[in-house]
Amino acid sequence: EPNLALQSLQNVAADGFRLMSVQEIPMKSPALMGTVAGMDYLLYLNIDRDVLKDKVQELLEKENIEIVRRKKRKRRRRGHKHFLSFNARLHIAKLEVGLPQGWEEQEGWAPLMVAIDRIAERGVRMVELLKLFDIEPKDAVIIRLKTRFQNREELGKIKYEQKQV
């Protein structure tokens with residue numbers, strides 16, 4: 001029963017964490033992280049709201065925003081650094097200065113609604129997004145509002161495709 005599970009999880013959640021909903025996933029589904037379609041965030045940023053609006057507009061007008069990450073490798077040879085780069089603009093589904101319904105303004109903080117899509121099991125990290133705005137993590141409050149999963153029909157397709165490989 002999802003409602004009982006939600007209540008049980010809320011009772012043991014760490015301070016500062018609030019669970020909003022739960023969803024039943026079939027036992028034979030693929031790994032959950034492989035089914036994440038994207039994540040929605042609310043950021044409170046220590047920046048002037050009008051300056052943030054200008055930065056958001058400038059970022060959204062770009063076709064390519066290259067992010068370079070160090071690849072995870074179990075065993076690295078000394079001196080060999082492996083990097084991966086990708087176009088972060090493709091992952092940014094929404095950047096909007098403002099608040100979702102039901103949330104309140106915080107004095108001195110500009111609110112930014114963010115939706116990140118995962119493509120090829122990769123998404124933009126909030127620290128990387130902050131860097132694009134020249135904002136230090138200490139000047140931000142990051143709240144993950146929602147983790148979006150692929151729908152059940154898509155889950156079935158993934159499972160089927162995995163069997164075919």
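Preceding this section is the structure that the text describes.
Quick caveat, the model's predicted, so the values are computed rather than measured.

Student: I'd love a proper account of the sheet that holds strand E5 (residues 110-117), names of residues and values included.
Tutor: The four strands are arranged E4-E5-E1-E6 in an open sheet whose pairing can be described as antiparallel. Only two strands of the sheet have a single neighbouring strand rather than two, namely strand E4 (92-97) and strand E6 (140-149). If you compare each strand with its neighbour and ignore which way they point, the axes differ by 15° on average. In this sheet, E5 lies alongside E4 in antiparallel orientation, the contact comprising five bridges. Bridging from a neighbouring strand, Leu-95 pairs with Val-114 of E5.

Student: Explain the side chain of Asp-40 to me, using residue names and the numbers behind them.
Tutor: Here Asp-40 shows up in strand E1 (residues 36-45). In terms of polar contacts, Asp-40 uses its side chain to reach the side chain of Arg-148, at 2.9 Å. Beyond its immediate chain neighbours, meaning those up to four positions away, Asp-40 contacts Val-114, Ala-115, Ile-143, Arg-144, Leu-145, Lys-146 and Arg-148.

Student: Before we move on, can you summarise the nonpolar core with the specific residues and values?
Tutor: One finds Leu-112 and Leu-129 to be the most contacted residues of the largest nonpolar core, which totals 27 residues. When residues of this core are traced back to their parent elements, those giving at least two are E1, helix H2 (49-61), E4, E5 and helix H3 (126-132). Not counting the four nearest positions on each side in its chain, Leu-112 is found in contact with Tyr-41, Leu-42, Leu-43, Leu-45, Leu-52, Val-56, Leu-95, Glu-96, Val-97, Gly-98 and Phe-133.

Student: I'd like a description of the side chain of His-91, backed by residues and values.
Tutor: Structurally, His-91 is set in the loop between strand E3 (83-87) and E4. For His-91, a relative accessible area of 5% translates into the label buried. Not counting residues within four places of it along the chain, the set of residues in contact with His-91 comprises Phe-86, Ala-115, Ile-116, Asp-117, Arg-118, Ile-119, Arg-122, Gly-123 and Val-124.

Student: Describe the pattern of salt bridges, with residues and values.
Tutor: Think of it this way: side chains of opposite charge can pair up when their charged atoms draw near. Taken as a whole, this structure holds seven salt bridges when the rule is applied. Here Arg-69 ties to Glu-128 by a salt bridge, and the two come within 2.6 Å at their closest N and O atoms. On the criterion of sequence distance, the pair formed by Arg-69 in strand E2 (residues 66-70) and Glu-128 in helix H3 is long-range, its members being 59 residues apart. Look at Glu-128 and you get buried, because its relative accessible area is 12%. Residues Asp-139 and Lys-138 are paired through a salt bridge, measuring 3.5 Å at the closest nitrogen-oxygen approach. Judged by relative accessible area, Lys-138 falls into the exposed class, the value being 66%. A network of salt bridges, in which partner residues are shared, links Asp-40, Asp-117 and Arg-148.

Student: Talk me through the environment of Glu-63; I want residue IDs and the actual numbers.
Tutor: Among the secondary structure elements, Glu-63 is positioned in the loop between H2 and E2. By relative accessible area, Glu-63 is classed as exposed at 73%. Separated by 26 residues in sequence, Glu-63 and Arg-89 have C-alpha atoms that sit 6.5 Å apart. Residues in contact with Glu-63, not counting those within four places in the same chain, are Asn-87 and Arg-89.

Student: Residues and numbers for H2, please.
Tutor: The terminal C-alpha atoms of H2, which comprises 13 residues, lie 19 Å apart, in line with the 18 Å expected from a rise of 1.5 Å per residue. Turning to H2, its buried residues are Leu-52, Val-56 and Leu-59. Seen end-on, H2 carries its buried residues on one side only, within an arc spanning 65°. Exposed and oriented more than 90 degrees from the buried face of H2 are Asp-50, Asp-54, Glu-58 and Glu-61. The backbone nitrogen of Asp-50 lies 3.1 Å from a side-chain oxygen of the residue at the head of H2, namely Asp-48.

Student: Go over unusual backbone geometry, please, and point to the residues and values.
Tutor: A positive phi angle, close to 60°, is found at Asp-134, a residue other than glycine. Turning to its location among the elements, Asp-134 is positioned in the loop between H3 and E6.

What counts and how
- Residues numbered from 1 in each chain as written.
- Predicted model: local features only at pLDDT ≥ 70, side-chain atom pairs only at ≥ 80, totals over all residues.
- Heavy atoms only, no water.
- Pairing = 2+ DSSP bridges.
- Helix = DSSP H or I, 4+ residues; strand = E, 2+ residues; numbered from the N terminus.
- Axes fitted to C-alpha atoms, helices over the stretch in contact; angles between N-to-C directions.
- Polar contact = N/O pair within 3.5 Å; in protein donor to acceptor, adjacent residues only side chain to side chain.
- Contact = heavy atoms within 4.5 Å.
- Core = buried A, V, L, I, M, F, W, Y, C linked by side-chain atoms within 4.5 Å.
- Buried < 20%, exposed > 50% of the residue type's maximum accessible area, 1.4 Å probe, protein only.
- Salt bridge = Lys/Arg side-chain N within 4 Å of Asp/Glu carboxyl O.
- Expected span 1.5 Å × (residues − 1).
- Arc of directions from axis to C-beta.

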